[in-house]
Amino acid sequence: VQLQASGGGLVQAGGSLRLSCAASGRTFSSYNMGWFRQAPGKEREFVAGINRSGGSTKYADSMKGRFTISRDNAKNTVYLQMNSLKPEDTAVYYCAAALQGYFDPVRTGSRQYDYWGQGTLVTVSS
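Please read all numbers here as calculations on a predicted model, not as lab measurements.

### Quick notes on the sheet that holds strand E3 (residues 17–23)
Taken in spatial order, the four strands line up as E1-E3-E8-E7 in an open sheet, and their pairing is antiparallel. Only two strands of the sheet have a single partner each, and these edge strands are strand E1 (3–6) and strand E7 (67–72). With direction set aside, neighbouring strand axes in the sheet form an average angle of 15 degrees. Relative to strand E8 (residues 77–82), E7 runs antiparallel, the two sharing six bridges. The residue of E8 that forms the bridge with Ile69 is Leu80.

### Regarding the pairing of strand E11 (residues 120–125)
Residues of E11 alternate between two faces, with Thr120, Val122 and Val124 buried on one and Leu121, Thr123 and Ser125 left unburied on the opposite face. Relative to E11, strand E2 (residues 9–12) is paired through four bridges, and the arrangement is parallel. Residue pairing in the sheet places Gln12 in a bridge with Ser125 of E11. Where strand E9 (residues 91–99) lies against E11, three bridges are found, and the strand directions are antiparallel. Bridge pairing in E11 places Val92 opposite Leu121.

### A closer look at the nonpolar core
Core analysis: the largest hydrophobic core is formed by 36 residues, its most contacted members being Trp35, Leu80, Met82 and Tyr93. If you list the elements that add at least two residues to this core, you get E1, E3, strand E4 (31–38), strand E5 (45–50), E7, E8, E9 and E11. At six residues, E9 tops the list of elements feeding residues into this core. Here Leu80 is in contact with Leu17, Arg18, Leu19, Trp35, Val47, Ala48, Phe67, Thr68, Ile69 and Tyr93, once residues within four sequence places are set aside.

### What about the pairing of E8?
Within E8, five of the six residues are buried, which leaves it mostly tucked inside the rest of the structure. Two elements, E3 and E8, share six bridges in a ladder whose sense is antiparallel. Looking across to E8, one finds that Leu19 is bridged to Leu80. Counting the residues that bridge the hairpin from E7 to E8 gives four residues, and of these Asn76 lies at a positive phi of roughly 55 degrees.

### Quick look at the pattern of salt bridges
Following the criterion strictly, the structure yields four salt bridges and no others. Its salt-bridge partner being Arg37, residue Glu45 comes within 2.6 Å of it at the nearest N-O pair. Of the residues examined, Arg37 reaches a relative accessible area of 7% and is grouped as buried. A salt bridge links Asp61 to Lys64, with the shortest nitrogen-to-oxygen separation between them at 3.3 Å. In this structure Asp61 comes out as exposed when scored by relative accessible area, which is 66%. A network of salt bridges, in which partner residues are shared, links Arg37, Glu45, Arg66 and Asp89.

### Overview of the state of the cysteines
As enumerated under the stated definition, the model contains one disulfide in all. Between the sulfur atoms of Cys21 and its disulfide partner Cys95 the distance amounts to 2.1 Å. Its S-S torsion of approximately 60 degrees makes the covalent link between Cys21 and Cys95 right-handed. Taken as a pair, Cys21 in strand E3 and Cys95 in strand E9 lie far apart in primary sequence, 74 residues in all. Here Cys21 falls in the buried class, since its relative accessible area comes to 0%. Residue Cys95 is classed as buried on the basis of its relative accessible area of 0%.

So, how was this worked out
- Residues numbered from 1 in each chain as written.
- Predicted model: local features only at pLDDT ≥ 70, side-chain atom pairs only at ≥ 80, totals over all residues.
- Heavy atoms only, no water.
- Pairing = 2+ DSSP bridges.
- Helix = DSSP H or I, 4+ residues; strand = E, 2+ residues; numbered from the N terminus.
- Axes fitted to C-alpha atoms, helices over the stretch in contact; angles between N-to-C directions.
- Buried < 20%, exposed > 50% of the residue type's maximum accessible area, 1.4 Å probe, protein only.
- Core = buried A, V, L, I, M, F, W, Y, C linked by side-chain atoms within 4.5 Å.
- Contact = heavy atoms within 4.5 Å.
- Salt bridge = Lys/Arg side-chain N within 4 Å of Asp/Glu carboxyl O.
- Disulfide = S-S within 2.5 Å.

Encoded structure:
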């Protein structure tokens, strides 16, 4: 599967952005999906994940209550709605896909994902 992330940009602190990740192919619903981010000089970190049906989600603690992950399997797209953005949210955001069984839990480790998009830059100004 090929992934194309979009929606990044420059936003003021307290603002919102919605990232999208469009997947190619007809097997999108076979993948658990995740969003990761990497700030300059830092390691890539898990942001949020969603299972194949969209019925189960998982978030990093610092994103809970501010970010929402969702997916539309008919459109082969996963979204990340980001609200109350902070300067420390500045990073390149990547979407990723993990080929998993229907009842498998959402994974949080970057090495557990099989495919990656190219990343989209989010910059939050103070």
